[in-house]
There are 6 protein chains.
Amino acid sequence: MFEIQRIIETALQEDIGLGDITTEVTVAPETMARAELVAKEDFILSGIDVAGRVFKTVNPAVDFEKLLQDGCKVRRGEVLAWLRGPAASLLQGERVALNLMQRMSAIASLTSRYVAAVAGTRAVIVDTRKTVPGLRVLDKYSVRMGGGRNHRIGLFDGVLIKENHVAAAGGIGAAISRARQKLPHTLKIEIETRNFDEVEQALAAGADIIMLDNMSLAEMRRAVELIAERALVEASGGVNLETVADIAATGVDIISVGALTHSINAADISMLFD
Amino acid sequence: MFEIQRIIETALQEDIGLGDITTEVTVAPETMARAELVAKEDFILSGIDVAGRVFKTVNPAVDFEKLLQDGCKVRRGEVLAWLRGPAASLLQGERVALNLMQRMSAIASLTSRYVAAVAGTRAVIVDTRKTVPGLRVLDKYSVRMGGGRNHRIGLFDGVLIKENHVAAAGGIGAAISRARQKLPHTLKIEIETRNFDEVEQALAAGADIIMLDNMSLAEMRRAVELIAERALVEASGGVNLETVADIAATGVDIISVGALTHSINAADISMLFD
Amino acid sequence: MFEIQRIIETALQEDIGLGDITTEVTVAPETMARAELVAKEDFILSGIDVAGRVFKTVNPAVDFEKLLQDGCKVRRGEVLAWLRGPAASLLQGERVALNLMQRMSAIASLTSRYVAAVAGTRAVIVDTRKTVPGLRVLDKYSVRMGGGRNHRIGLFDGVLIKENHVAAAGGIGAAISRARQKLPHTLKIEIETRNFDEVEQALAAGADIIMLDNMSLAEMRRAVELIAERALVEASGGVNLETVADIAATGVDIISVGALTHSINAADISMLFD
Amino acid sequence: MFEIQRIIETALQEDIGLGDITTEVTVAPETMARAELVAKEDFILSGIDVAGRVFKTVNPAVDFEKLLQDGCKVRRGEVLAWLRGPAASLLQGERVALNLMQRMSAIASLTSRYVAAVAGTRAVIVDTRKTVPGLRVLDKYSVRMGGGRNHRIGLFDGVLIKENHVAAAGGIGAAISRARQKLPHTLKIEIETRNFDEVEQALAAGADIIMLDNMSLAEMRRAVELIAERALVEASGGVNLETVADIAATGVDIISVGALTHSINAADISMLFD
Amino acid sequence: MFEIQRIIETALQEDIGLGDITTEVTVAPETMARAELVAKEDFILSGIDVAGRVFKTVNPAVDFEKLLQDGCKVRRGEVLAWLRGPAASLLQGERVALNLMQRMSAIASLTSRYVAAVAGTRAVIVDTRKTVPGLRVLDKYSVRMGGGRNHRIGLFDGVLIKENHVAAAGGIGAAISRARQKLPHTLKIEIETRNFDEVEQALAAGADIIMLDNMSLAEMRRAVELIAERALVEASGGVNLETVADIAATGVDIISVGALTHSINAADISMLFD
Amino acid sequence: MFEIQRIIETALQEDIGLGDITTEVTVAPETMARAELVAKEDFILSGIDVAGRVFKTVNPAVDFEKLLQDGCKVRRGEVLAWLRGPAASLLQGERVALNLMQRMSAIASLTSRYVAAVAGTRAVIVDTRKTVPGLRVLDKYSVRMGGGRNHRIGLFDGVLIKENHVAAAGGIGAAISRARQKLPHTLKIEIETRNFDEVEQALAAGADIIMLDNMSLAEMRRAVELIAERALVEASGGVNLETVADIAATGVDIISVGALTHSINAADISMLFD
């Protein structure tokens, strides 16, 4: 509800602190300016509304007119938005707006490459919890803008039983059974498996989603056959742009990719003053 | 003062929210566990103390013993720290600790490559304000761990007069003069220049630091000669691992590199339970 | 993660504000006291650990020894916990601790009556979002202590497609299909239905959970037959202690009860000083 | 000053968290809707302005037109307010607005029954500190809407010397004397008494208000005579709708009733979409 | 409850922000130091515990041993407290601790001079709401340490009907009557008067406290006679160290002095390192 | 960025808390009023915009028209601003607005006296960190309004190497060298010196600013000669309105004065209702 505003205020506080001292002494408060946000390379846009809110937070008197929507393919040289307002306010919002939008667009762009790589298969690309601390809501939004889907947001809204949970609960069957009895009926139960024996136990216990953790392509193919649509199948581990198409070809339903959010290169965007 | 704790609490809140539901139903509160943080590739370590504070924030009863210091070169396979405590607490802190440390170590490692590339010159590598919103203090710390230095933290603690400030103030001389008269005497005055005419105006006005913005190598060399140690010289724009050595060879004092913090690939670190 | 501490600090701030002026002028800071928390009627206990944290937040030097666990049946006259510490701290924590524990135990007790009423059927009793604003995490915890289960925590962690969502999406099939395509694969999709036609559409669209909203017992029985275990069936509306057993007898899987949290009478608990 | 907004934001954050996922995927942001808040039973209205602020906080673009004022008697079927705005915003504010207004109206309604029961006597009905943690300001406001008055808000704005304070201070006289000497002259001094001896000591020490704690009707009558308007007399303990009229008939000035806020059944209010 | 900690954290955040950069580069974290807080002039001590909490907040490992209590007369040269701990922590807490304690002791000292000036009369010296924003709780505490008493803390815990309230309510009688009927019975009702006519109206309406606003000594004497102990009498306006004794001699009960908190000269205290 | 709003909200919360009870019961919400802020003595104005924001924060519907700018000389009797709006809102903002503006104008006025005293010399008057905790940004702003300049804001944005830092670093040369190597190149390095030997070491190590701590006039003169414009010279200690002109006459560049912010008498300003 208030998360994006919290992110913006934290970022502005961090960058501006007690004041933009350079601007305070060189730019008169009444000086007005126009500027535009311009793409310096091709990418999938994400964060244009967030950028607008950054400037509105600095000063509600700034006009921000977006020309493109999040999710669009943007070409180098395209103008993303026009701005008009007090020059001081534009200068104070610039860096935070760009820092956010450049990261968000980079995530959307990288996601779209994974999505393109699995086109024609049943596999959907999903993110992980390997996001930058404090920005998860924006990271996950950007994955959607790039055509991906989200895995659970955090530990509170999804069940993923891993090796250590199984060990503590005393086996796959026991772990799934406890989750089924105690957690809201609105949640599917996902379990991580490392071999066919575990897959079979998971099936027997009625898991809704079976994660194949770091399996080879051959193992994944066989697991998909074994599961035979009795549960959703998620591939995880060792996924990159070279391997993702082959993984998708094994017939898995979901491929989760940590790199979507932990290893990205900022999209190149500039703010140009008239 | 309280910034790192704020980052950690925000990150835990974001990941755990109202509770780690999987762990709550599968792991008894009294179950104890041991684990270790292990490097899965070579890198420069940054964030080991932050990781420790993550676990202590989850539960003060967790023991966290670091084996290496921030700033160390770490080899693939090395153990970074040992942990012991309630299994539930280790599981709940794991992702946040790794997300932070993997980003921080990646920044330190990338910085160290730039620093190595300019070894033997007078140039120091510094960061920019192109950090991930909310994590600037950790991003900048990690640059130091990689052997770099910091530029100003934000708009509040350093003066950098850019093109738009100059235009609004009515010229380079006027802008520098106003900054000199109105701002604390404890701050140096830095100004961005795009050509020799601007460099000369900046010198005449007594700038303490002159930034050469997107100049060619030849221009930078000539600017360094022109300035002749009457001001510090900072190169900015178009800096990457291919170009940085040549830029340093022009004799500039400082090279600022946005990529140190906006385009990094997470260092590979795992948490392994015994 | 930090929610219960937030509740406690808000409550103490609200009650104590700038200081307990009566105690400040009548009780010397070094005066020590002993006290006990005592049940004044029979109930199911919930909130004993929360009460302990209240006193620890007022003053970490207070000793709080609980004698019973949340979820226990308590008899009138039983001592729930012993306290020892500065008299001023005991007096300052008393009201907040009791206010919380009395509400929580009341919820647990009421829930246990509903649970008892459906014993022997397949139905589980679940809560709703009709909780007291700001205390949802404690309200839902107390439902579990009384033997009930939780529905989704809020709008963020579960999908419940209601009449207005269906209208906006253009039909039951379209609404379910969009949810299936866009939301995390970890969530089941629940839909509210008001008649058999809607139940059939929901089944056809593959709903995971079908809520029967304000149906008669006869309608519920027929809907259960119709659904035939192809989806979970949730009864909602018109549930009270008189009707719940008959509703359970229709064969529904889940019965959601708003009254568990919106209409409760505080359990009677006192704090007695030695 | 900011307390009601804090309550509303906490409640919305708790319910919506990172987003209303059902609405996000089924309702287009531009879809507009109309709705009305309707009474499903008779009650005294409290919380209509708070409900309006909930929707305005979700989205300032929502129009909220209240048709009735807090404090009114509402009949089953009456419309309390009209709403118009983005359908998504109406859906997101609905539950929080209802949860607050249903509790508040229930408190006002219950209070009005106590007030009616003592009509014709000098007694006024007042609340206690037995409110729901975090909502005290709304609970106490609702008591006023029901025709009651407020006791002190918390420990910081009123003096109430209880048994333990007396013991620690070394007697009733000493306790009252210290309070008189050290606390702001703007506060009356109230003391709890359990028998006539204590009443007499309190009178002798110049107490402004004497609370009769859990006395019988006969004892209260005699205490009222004894005090003879030299102090205000407050009855406390064992007050319910059966006993309150008799208590009032003893001649006490004030009757404090914990049940007004700790044991209430939500008023039945619905939000109906056109 | 949490107010003093909030003040300390705000002050440290304000002074240290993202770090004490001088200390970070010159003082090794393991360097230990001893220091003492020393009076450089005579004053009444206030704030010694606050100073201790400042250092504990910087670093719980600092030992702080106070040698004197708040409220003591301190002589030039006396040591107030000993400190031992990491040198960096002592340096980081120094300024905030001194800033707080120097202001607090100055308030206590000034108050004690007013108190001394009215010795032998019935008048007590009280503060006003003219405190430094954000520090009211410490300002008012320091007045008590200097032998003064507190007026109401703020607008929420005391009733003071001023000229504009009277005008809006339609007269003194109406204003007092409304306050009596609607506000908690635990509060006395104070009213500001400017002449005898108003004093008489206030008496007739049953005011508990009558403030004489900017009256001459002769007027005050006559007002005191007129009131004849039927209400407390408070003098306000034009009070300073030259006039206060004469004002007290008029027989008023209370003298409120804005200067106690709005016009003070910091007490001279130093922190000396061994 | 958000600091001034934080100060205002903290101050209003502190003063109004859960409500202005006097106004609530005597002034109808729809009553409108006009008022003006009037100078009751001569001073330099500071805080007029802050005062406006206080009223806007209480109620955005208040009109606040300022007639004078911060930094103006104000004569006794001059009107500073006109206000119009709900009477209740004017009454609720009055005290906080005055408390802030009276302190701020007092600081500006005192500063202007120091500035006048050094007119004709090269010396500029600067503040210190001896500000009121929580209000530093306003204190430092007011120094500028009085014609002074600011020293560093806090420990995070300026380097000032004191005696204890030197001792810990192992000498003046070592301390300056470490600061030069590790801190941002944008900061000047200032060092405190107590004798000529230290001044010479500081010069040799390349200090940018040399503070002369508590030196006599003769020593200052000689130090200025010695330094000979190779560094900025700051005088500190023993500065008051009697001594400041002589100190300025020694030729120092900067004179820092703690009294500007730690020992001030509130400017006399009233709010008068029509």
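Parameters at a glance
- Residues numbered from 1 in each chain as written.
- Chains lettered and ligands numbered in written order.
- Predicted model: local features only at pLDDT ≥ 70, side-chain atom pairs only at ≥ 80, totals over all residues.
- Heavy atoms only, no water.
- Pairing = 2+ DSSP bridges.
- Helix = DSSP H or I, 4+ residues; strand = E, 2+ residues; numbered from the N terminus.
- Axes fitted to C-alpha atoms, helices over the stretch in contact; angles between N-to-C directions.
- Contact = heavy atoms within 4.5 Å.
- Buried < 20%, exposed > 50% of the residue type's maximum accessible area, 1.4 Å probe, protein only.
- Buried area = accessible area lost by both parts, 1.4 Å probe.
- Salt bridge = Lys/Arg side-chain N within 4 Å of Asp/Glu carboxyl O.
- Polar contact = N/O pair within 3.5 Å; in protein donor to acceptor, adjacent residues only side chain to side chain.
- Nonpolar A, V, L, I, M, F, W, Y, C, P; charged D, E, K, R; others polar.
- Domains from an automatic or database assignment.
- Least-squares fit on C-alpha atoms with pLDDT ≥ 70 in both.
- Arc of directions from axis to C-beta.
- Phe/Tyr/Trp six-rings, centres within 6.5 Å; stacked < 30°, edge-to-face > 60°.
- Lys NZ or Arg CZ within 6 Å of the ring centre and 35° of its normal.
- Right-handed = clockwise from strand over helix to strand, strands pointing away.

Asks: Which parts of the structure should I look at to understand the sheet that holds strand β1 (residues 32-39) of chain A?
Replies: Within a sheet, neighbouring strands are paired by backbone hydrogen bonds and run either parallel or antiparallel to one another. All names here are of chain A. Spatially, the 4 strands line up as an open sheet ordered β3-β5-β1-β13, and their pairing is antiparallel. Because the sheet does not close on itself, it has two edges, and the strands there are β3 (63-66) and β13 (269-273). Neighbour-to-neighbour, the strand axes of the sheet open up by a mean angle of 20°, direction not taken into account. With 4 bridges joining them, β3 and strand β5 (residues 79-86) adopt antiparallel strand pairing. Looking at the pairing, E65 lines up with W82 of β5. Seen against the sheet, helix α3 (residues 48-58) touches β3, β5 and β13 and runs at an angle of roughly 175° to β3. Of the strands in this sheet, β1, β5 and β13 are in contact with helix α4 (residues 87-117), which crosses β13 at around 160°.

Asks: Whenever I open this one, unusual backbone geometry confuses me. Can you help?
Replies: Among all residues save glycine, negative phi is the norm, and among peptide bonds the norm is trans. Of note, the phi angle at E229 of chain A is positive, near 65°, even though the residue is not glycine. Tracing the backbone through its elements, the reader meets E229 of chain A in the loop between α9 (217-227) and β10 (232-236). A residue is classified by how much of its surface remains accessible, and E229 of chain A, at 64% relative accessible area, is exposed. For N214 of chain B, which is not glycine, the phi dihedral falls at a positive 55°. Positionally, N214 of chain B belongs in the loop between β9 (209-213) and α9 (217-227).

Asks: I tried to follow the interface of chain B and chain A on my own but got confused; where do I start?
Replies: A common way to state how big an interface is: give the accessible area lost once the parts meet. Between chain B and chain A, the contact holds 57 residues from the first and 57 residues from the second. Between chain B and chain A, a total of about 4700 Å² is buried, with carbon and sulfur atoms accounting for 59% of that surface. Here chain B and chain A share 4 salt bridges between them. In this structure, the salt-bridge partner of D15 of chain B is R129 of chain A, at a minimum N-O distance of 2.7 Å. Our count for the contact surface shared by chain B and chain A stands at 30 residue pairs in polar contact (both at pLDDT 80 or more). Of the residues forming the side of chain B that touches chain A, the biggest block, 7 residues, is contributed by helix α1 (residues 3-16) of chain B. Taken together, the residues that form the side of chain B that touches chain A break down as 26 nonpolar, 17 polar and 14 charged. Here 3 bridges tie strand β12 (residues 263-265) of chain A to strand β12 (residues 263-265) of chain B, and the two strands are oriented antiparallel to one another. Bridging across to β12 of chain B, S263 of chain A finds its partner in N265 of chain B.

Asks: Help me understand the interface of chain B and chain C, please; the structure alone is not making it clear to me.
Replies: Contacts between the two partners involve 8 residues from chain B and, on the opposite side, 4 residues from chain C. Summed over the shared surface of chain B and chain C, the number is 0 salt bridges. Elements represented by at least two residues in the side of chain B that touches chain C include exactly α1 and α3 (48-58) of chain B. In terms of residue count, the dominant contributor to the side of chain B that touches chain C is α1 of chain B (4 residues). Residue classes in the side of chain B that touches chain C are distributed as 4 nonpolar, 3 polar and 1 charged.

Asks: Sorry if this is basic, but what is going on with the domain arrangement of chain A here?
Replies: Residues and elements named next belong to chain A. Partitioning chain A into structural domains gives domain 1 (2-114 + 264-273) and domain 2 (120-262). On a C-alpha basis, the centres of domain 1 and domain 2 stand 35 Å from each other. Listed per partner, the contact involves 22 residues of domain 1 and 23 residues of domain 2. With both chains or domains summed, domain 1 and domain 2 bury close to 1800 Å², and 69% of this area falls on carbon and sulfur atoms. Among the residues domain 1 hides against domain 2, the three largest losses belong to R103, T111 and Y114. Together they make up 39% of the total. Taken together, domain 1 and domain 2 are joined by 1 salt bridge. With a closest N to O distance of 2.9 Å, R103 and D139 form a salt bridge. Secondary-structure elements contributing two or more residues to the side of domain 1 that touches domain 2 are α1 (3-16) and α4. By residue number, the principal contributor to the side of domain 1 that touches domain 2 is α4, which donates 10 residues. Split by residue class, the side of domain 1 that touches domain 2 holds 12 nonpolar, 5 polar and 5 charged.

Asks: Quick question: what am I supposed to make of the relation of the copies chain B and chain A here?
Replies: In summary, the two copies of the chain are related to each other by a rotation about an axis coupled with a shift along it. With an RMSD of 0.0 Å, chain B superimposes on chain A once it is rotated by 180° and translated 0.0 Å along the axis. Such a combination of turn and shift is consistent with a two-fold rotation axis.

Asks: What should I look at first to understand the environment of G147 of chain A in this one?
Replies: All names here are of chain A. Within the secondary structure, G147 is located in the loop between α5 (136-145) and β7 (159-161). Each C-alpha atom of the pair G147 and A117 lies 12 Å from the other, and the pair is 30 residues apart in sequence. In contact with G147, other than residues within four places in its own chain, are T111 and V115.

Asks: I'm lost on the sheet that holds strand β7 (residues 159-161) of chain F in this one. Help?
Replies: Residues and elements named next belong to chain F. Read from one edge of the open sheet, 6 strands run β6-β11-β10-β9-β8-β7, paired in parallel fashion. Bordering the open sheet on either side are β6 (124-126) and β7, each of which pairs with just one other strand. When the angles between neighbouring strand axes are averaged without regard to direction, this sheet yields 25°. As paired strands, strand β8 (residues 189-193) and strand β9 (residues 209-213) are joined by 4 bridges and run parallel to one another. Note that in β9 the partner of E190 across the bridge is I209.

Asks: Is there a simple way to explain helix α8 (residues 196-204) of chain A in this structure?
Replies: An α-helical turn contains 3.6 residues, so any two residues separated by three or four positions project in the same direction. Residue and element names in this part refer to chain A. Within the span of α8, buried status applies to F196, E198, V199, A202 and L203. In an axial view of α8, the angular spread of the buried residues amounts to 160°, which keeps them on one side of the axis. In the core, the buried residues of α8 are packed alongside α7 (172-182), β8 (189-193), β9 (209-213) and α9. Its side-chain oxygen 3.2 Å from the backbone nitrogen of D197, N195 forms the N-cap of α8. Once α8 ends, the next one or two residues include G206, with phi positive near 85°.

Asks: What is the right way to look at α5 of chain A in this model?
Replies: Counting buried positions along α5 of chain A gives 7 out of 10 residues, so the element sits mostly inside the fold. Those residues of α5 of chain A not exposed but buried are R136, V137, L138, D139, K140, S142 and V143 of chain A. Buried residues belonging to α5 of chain A abut α1, α3, α4 and α11 (259-262) of chain A together with α1 and α4 (87-117) of chain B. Just past α5 of chain A, the residue G147 of chain A takes up positive phi, approximately 95°.

Asks: Any chance you could explain the packing of aromatic side chains here in plain terms?
Replies: Under the counting rule described, the total for this entry stands at 9 aromatic pairs over all chains. With a centroid separation of 6.1 Å and an interplanar angle of 20°, the aromatic rings of F55 of chain E and F64 of chain E are classed as stacked. Cation over ring: R222 of chain A sits above F196 of chain A, and NZ or CZ is 4.0 Å from the ring centre.

Asks: Looking at this model, I keep getting lost on the pairing of strand β8 (residues 189-193) of chain B. Mind explaining?
Replies: Side chains on a regular strand alternate between the two faces of the sheet. Residue and element names in this part refer to chain B. Most of β8 sits out of view: 5 of its 5 residues are buried. Of the two faces of β8, the one holding I189, I191 and T193 and the one holding E190 and E192 are both buried throughout. Here strand β7 (residues 159-161) runs beside β8; their pairing, made up of 3 bridges, is parallel. Paired with I161 across the strands is I191, a residue of β8. A crossover connection joins β8 to the parallel β9 through helix α8 (residues 196-204); in handedness this β-α-β unit is right-handed.

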